[in-house]
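Residues per chain, in single letters:
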Amino acid sequence: MIQASKLIPQGKGLAPVLIKRATTIELDWDVRQKSRFAATDSAGRELGIFLPRGTLVRGGDVLVAEDGSMVRVIAAPQPVLVITHCTQHGTPFDLTRAAYHLGNRHVPIELQPDHLKIEPDHVLADMLRAMHLIVKAQDLPFEPEGGAYAAGHGGGHHHHGGHRHEGHDHDHDHAHGHDQGHSHAQAASPSPAHDHGHSHDHNHQADPSQPAAPARGRTVAIPVVAQAQGHVHGPHCNHGHDH
């Protein structure tokens, strides 16, 4: 038996020709969620798979054997329930509701933009049909979500500290480097225009005995009556918004 204890998710970094030459093993989800199992590859070799505990093996992953050979994993078709929304009497949001109720029951779910997949369960099938969803039994590969904190990869991509999302400059370095039209620096100009809902200067009354500061434009008196206007909800306040 040849031992394999290294996994390359989706063969990342490998030349396509190497992946093409690799032998294959076809495994259903029941086996692929285990970190230790035996299998026979397409060349007839007996393999012993020993991966870190909690590792999920996905279709497209590549195992590296102790002799340096590579084995590509294929997700085997298996009985599943395919759940779709009713286009005549429902909306795609019905799938969100279904995922919520299935998640409350800790059911492994494969999430797709237009359907869900779960393992066969007649009780859950009846519940979903009662929610006006369409449930069909089929034989297909099954790749359920691995959970946000699951060991190994859960079928998606990983976000690292310096990633950027399209549409805004957000480096996630928690250094308050957001360029959103105002500065968080404490040494900023004492202008009262920087207002986050409380005053940074608790004495805004001018002292008539002191000479007036050079004018930078029209001076506007700001009466301290902000609390009479009530709380203004903003995108970052933690209060409940009743729309």
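In what follows, the accompanying structure is described. (Residues numbered from 1 in each chain as written. Predicted model: local features only at pLDDT ≥ 70, side-chain atom pairs only at ≥ 80, totals over all residues. Heavy atoms only, no water.)

Our next topic: unusual backbone geometry. For Q10, which is not a glycine, the phi torsion comes out positive at approximately 55 degrees. Tracing the backbone through its elements, the reader meets Q10 in the loop between β1 (2-8) and α1 (16-21). Under the relative-accessibility criterion, Q10 is labelled partly exposed at 46%. (Helix = DSSP H or I, 4+ residues; strand = E, 2+ residues; numbered from the N terminus. Buried < 20%, exposed > 50% of the residue type's maximum accessible area, 1.4 Å probe, protein only.)

The next point concerns the sheet that holds β1. Read from one edge to the other, the open sheet built from six strands follows the order β2-β6-β5-β1-β4-β3, with strand pairing classed as mixed. With partners counted over all chains shown, the strands left at the sheet margins are β2 (23-27) and β3 (36-40), one partner each. Here the average twist between neighbouring strands, direction ignored, is 35 degrees. Bridge analysis of β3 against strand β4 (residues 46-50) gives five bridges, and the strand direction is antiparallel. From the neighbouring strand, A39 faces β4, where its bridge partner is L47. (Pairing = 2+ DSSP bridges. Axes fitted to C-alpha atoms, helices over the stretch in contact; angles between N-to-C directions.)

Turning our attention to the pairing of strand β7 (residues 78-85). In terms of residue burial, β7 counts as a mostly covered element, since six of its eight residues are buried. Note: β7 against strand β10 (residues 133-140), eight bridges, orientation antiparallel. From the neighbouring strand, Q78 faces β10, where its bridge partner is L140. Pairing of β7 with strand β9 (residues 116-118) involves three bridges; the strand directions are antiparallel. Pairing of V82 across the sheet is with K117, part of β9.

Turning our attention to the nonpolar core. Counting 16 residues, the largest nonpolar core has I83, L102, L116, I118, L128 and L133 as the members making the most contacts within it. Taken together, the elements giving at least two residues each to this core come down to β7, α3 (93-104), β9, α4 (122-130) and β10. If you tally residues by element for this core, the top one is α4, at four residues. Beyond its immediate chain neighbours, meaning those up to four positions away, L102 contacts I83, V107, I109, L116, I118, L124, M127 and L128. Counting 15 residues, the second largest nonpolar core, distinct from the first, contains A4, V57, A65 and V71. (Core = buried A, V, L, I, M, F, W, Y, C linked by side-chain atoms within 4.5 Å. Contact = heavy atoms within 4.5 Å.)

Let us now look at the packing of aromatic side chains. Taken as a whole and judged by the stated rule, the model has one aromatic pair. Residues W29 and F142 carry aromatic rings whose centres are separated by 6.5 Å and whose planes lie at 85 degrees to one another, so their mutual orientation is edge-to-face. Here F142 lies in the segment after β10 and W29 lies in helix α2 (residues 29-32), a separation of 113 residues in the sequence. Judged by relative accessible area, which is 5%, W29 ranks as buried. (Phe/Tyr/Trp six-rings, centres within 6.5 Å; stacked < 30°, edge-to-face > 60°.)

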